[in-house]
Amino acid sequence: MVNNFSTKTYLTIVFSIIFLFYVIGVFWSFEPDEIDIKERVTADATLENVAPVVGYTTTTTMIAVAETLLEKPGGYLSNDAMPPSVMLDNIPAWEFGALEMIRDMALVMRQKFSRSQSQSRENEHLKSAHPKFNIDHTSWTLPSAESEYKSAIKDLYAYRKDLTDVNNQGAQFYARADNLSDWLKEVEKRLGSYSQRLSASVGRNQVNLDLANDKEARQSTQAAANMQLKTSWWKIDDEFYEARGACWALLHFLKAIEIDFDEVLKNKNAKISVEQIIRELEYSQQAVWSPIILNGDGFGLVANHSLVMANYISRANAALIDLRDLLNKG
């Protein structure tokens with residue numbers, strides 16, 4: 001009887017722990033809600049007793065998006081080495097997608113938005129923040145990814161403070177059409193990559209276009225004229241959530257750009273293009289009611305969530321290309 005009781009007790013404890021981990025894992029896997037950018041900017045400006053200047057909204061959005069990665073339920077999970085988070089893969093993939101957009105914005109803010117020309121000096125705060133966002137996102141030893149991200153966020157706060165200081169001419173944010181076009185060019189590449197990877201969920205043959213439109217072009221090694229592209233069944237949900245996280249971050253950045261670059265967009269008659277991109281990205285954030293990411297085959301009976309996401313991203317990317325064309329016109 002004692003042995004049977006001990007075995008039952010042991011099994012009860014084990015299954016209780018497993019169930020607890022499952023419940024925590026489900027709770028931690030909920031994606032963060034959309035951030036109200038205008039409300040956050042107003043609150044921060046009121047707290048600091050300053051008037052938002054050009055660049056204040058974009059910097060605040062960078063801060064808010066980065067803080068969300070660290071402060072959402074469960075905190076930052078990508079580098080966790082203990083259960084239950086070590087058993088999760090959807091939300092870490094989401095985190096990486098958002099992080100990639102943060103990295104792109106950090107680079108452009110350092111090299112473009114904060115500099116008047118190529119020979120001008122870099123802002124010291126942005127120069128410090130940019131490489132910190134580029135630490136291995138799975139690093140849990142010293143320095144950990146979280147500690148570097150927190151330090152980068154402090155640098156962004158310092159840069160934002162200098163922006164509003166009328167006595168400090170060293171910190172600037174230049175809302176120009178060419179600067180915005182440079183950032184959109186980086187985003188264009190990201191969205192194109194996500195669209196291709198999501199479309200590969202069903203597997204397809206593709207003609208090799210690596211050297212298309214340039215008869216003099218060469219590449220390091222020969223590649224097949226036709227390629228079979230298909231995402232591993234084990235990676236389909238990861239690709240989906242990475243793209244979803246990237247779209248979530250990009251949605252906020254575009255809403256900030258719409259404010260800081262308002263005059264530029266009006267002058268180029270490009271406000272409607274930004275609004276269209278934002279709308280497509282909002283569609284990409286609709287709730288996923290299925291407990292798993294479905295991967296139906298083309299026009300089959302079962303839905304394919306990856307293809308739906310790829311559709312929204314492709315439409316956003318098409319509008320983004322049109323936006324760049326408008327900005328590049330005189």
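Residues numbered from 1 in each chain as written. Predicted model: local features only at pLDDT ≥ 70, side-chain atom pairs only at ≥ 80, totals over all residues. Heavy atoms only, no water.

1. Things to note about the pattern of salt bridges
Side chains that carry opposite charge are capable of pairing whenever their charged atoms lie near each other.
Point 1. Here the structure, examined in full by the defined rule, presents 21 salt bridges.
Point 2. Taking the shortest distance from any N to any O, the salt bridge between R244 and E31 comes out at 2.8 Å. In this pair, R244 is assigned in helix 8 (residues 236-260) and E31 in the loop between helix 1 (2-28) and helix 2 (37-48), connecting sequence segments 213 residues apart.
Point 3. For R244, a relative accessible area of 5% gives the class buried.
Point 4. Between R40 and E67 there is a salt bridge, with the nearest N and O atoms lying 3.0 Å from each other. In this pair, R40 sits in helix 2 while E67 sits in helix 3 (residues 56-71), placing the two residues 27 residues apart along the sequence.
Point 5. Using a relative accessible area of 13% as the deciding quantity, one classes E67 as buried. (Salt bridge = Lys/Arg side-chain N within 4 Å of Asp/Glu carboxyl O. Helix = DSSP H or I, 4+ residues; strand = E, 2+ residues; numbered from the N terminus. Buried < 20%, exposed > 50% of the residue type's maximum accessible area, 1.4 Å probe, protein only.)

2. What to know about the nonpolar core
Point 1. The biggest cluster of nonpolar side chains holds 78 residues, and the ones touching the most others in it are M62, F113, F133, W183 and F253.
Point 2. For this core, the element with the highest residue contribution is helix 8, accounting for 13 residues.
Point 3. What F253 contacts, discounting residues up to four positions off in sequence, is T61, M62, V65, M101, I102, M105 and W183. (Core = buried A, V, L, I, M, F, W, Y, C linked by side-chain atoms within 4.5 Å. Contact = heavy atoms within 4.5 Å.)

3. Brief notes about the side chain of K268
Point 1. By secondary structure assignment, the location of K268 is in the loop between helix 9 (262-267) and helix 10 (271-283).
Point 2. Of the side chains bearing the opposite charge, D178 lies closest to the buried K268, which forms no salt bridge; the N-O distance is 9.1 Å.
Point 3. In terms of polar contacts, K268 uses its side chain to reach the backbone carbonyl oxygen of K329, at 2.4 Å. (Lys, Arg positive; Asp, Glu negative; His and termini not counted. Polar contact = N/O pair within 3.5 Å; in protein donor to acceptor, adjacent residues only side chain to side chain.)

4. Observations concerning helix 3
Point 1. With 16 residues, helix 3 extends 22 Å from end C-alpha to end C-alpha; this agrees with the ideal 22 Å at 1.5 Å per step.
Point 2. Within helix 3, 15 of the 16 residues are buried, leaving the element largely enclosed by the surrounding structure. (Expected span 1.5 Å × (residues − 1).)

From the geometry alone we can't say anything about function, so treat these as descriptive.
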